Amino acid sequence: GPARAIAGQSLSYVVTTTNAGFNPANDVVPSVDLPTGLSGVVVSGGGTYNPLTGTVTFPATAVLSPGAALANTITFTAPLNDAASLPLAAGVFTTSTELSPANNVSRLSTLLQAYADVEVLITGPAFSTVGSPVTYVVTTTNNGPAVSNGHGLTVQLPSGLAGVALSAGGSYNPMSGVVTFTNVTNQLPGAVGALVRTISFTTPDRAFVTPTASITI
C-alpha cells in the first residue's frame, strides 16, 4: 500500500498470503486490522470489515498448496482527522502446524497529510457615523476535506480605538491596532464547523476604516 497519503484520499492495499512451507496449509484465514469507523470500505474476495473493531476478515481457504498465494485488496477513504499515521496489521490463521509463526504478521504504516482549506470572511457596514458603535463579523470556514489541525486569526484595525468589544476571547492591542483571537484546533469541515466572531468599537473620526482579517496556520 501507499507510504504517504492525503486525508480524504481513496487508498488501496493488497494483502498477499503465501504458503511458504512444504506441506499444504488447511483452513487458511487472512485478516487485517485497520482503524475503526472507516468509510468507503471495499473488500475483495467476500471479505468483511467490522467498523467497531476495525478488523477485516477474509473467507477461509480450505487448502493452500505449498508455494500458492492468495491476493486480496482493501480500499477505503483515508480518515478526515488529524492522525499523523494510519497503522495496518495483516495476519493469517491456519489449523495446520506452523514452522515459522513469526512471519504470520505483517505491519504497515501510511503517513497521513491532513489537507484543509480555511477561509476567512469579514463583513460590516459600508457607512458609519463618527462616535457611533460599529460591528464587524468575522467568519472562518474550513472548506476541507480534512479537519483543520489548528490556526490563528488576527484582524488589523486602526490603533487607539475606543469602546472595543470582542467575542470568543479576543484581545485588542491599542498600540498596534491588532485584534488576536484564541487559536482554533480541530475545526470541522463545512458549515457545521464554521466559527463566527464579532468586533465592535466606536467609529473614529477618520475617512475610512478598513479591517483586514488574516489566518495563520
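Everything that follows concerns the structure shown earlier in this document.
To start, this report covers the structure provided alongside it. Note that the coordinates shown come from a computational prediction; the quantities given were computed from them, not determined experimentally. (Residues numbered from 1 in each chain as written. Predicted model: local features only at pLDDT ≥ 70, side-chain atom pairs only at ≥ 80, totals over all residues. Heavy atoms only, no water.)

Strand direction decides the pairing type here: strand β13 (residues 151-156) and strand β16 (residues 178-184), joined by 5 bridges, are antiparallel. Bridging across to β16, V155 finds its partner in V179. With 2 bridges joining them, strand β15 (residues 171-172) and β16 adopt antiparallel strand pairing. Bridging from a neighbouring strand, Y172 pairs with V179 of β16. Linkage of β15 to β16, two consecutive antiparallel strands, is achieved through a turn of 5 residues, within which G177 is found at a positive phi near 80°. (Pairing = 2+ DSSP bridges. Helix = DSSP H or I, 4+ residues; strand = E, 2+ residues; numbered from the N terminus.)

Here we come to the nonpolar core. A general trend in soluble globular proteins is that nonpolar side chains are found buried together. Ranked by size, the top nonpolar core spans 17 residues in total, and within it L11, V32, L34, V56, I74, F76 and L86 carry the most contacts. Counting residues per element, the ones that place at least two in this core are β2 (10-18), β8 (69-77) and β9 (85-93). Among the elements that make up this core, the one with the highest residue count is β2 (3 residues). Not counting chain neighbours up to four residues away, the residues in contact with V32 comprise V15, G54, T55, V56, F58, I74, A89 and A90. (Core = buried A, V, L, I, M, F, W, Y, C linked by side-chain atoms within 4.5 Å. Buried < 20%, exposed > 50% of the residue type's maximum accessible area, 1.4 Å probe, protein only. Contact = heavy atoms within 4.5 Å.)

Read from one edge of the open sheet, 4 strands run β11-β12-β17-β14, paired in antiparallel fashion. The two strands at the open ends of the sheet, each matched to only one other strand, are β11 (118-123) and β14 (165-166).

Attention now moves to the environment of G152. For G152, the position within the fold is in strand β13. Among the residues examined, G152 registers a relative accessible area of 6% and is labelled buried. Sequence separation between G152 and V184 is 32 residues, and the spatial gap between their C-alpha atoms is 6.4 Å. What G152 contacts, discounting residues up to four positions off in sequence, is N183, S214, I215 and T216.

Moving on, we come to the sheet that holds β15. The pairing of strands in a sheet comes from backbone hydrogen bonds and takes either a parallel or an antiparallel form. Taken in spatial order, the 4 strands line up as β15-β16-β13-β18 in an open sheet, and their pairing is antiparallel. Looking along the sheet, the strands with just one partner apiece sit at the ends: β15 and β18 (212-216).

As far as function goes, none of this settles anything; it's purely spatial.
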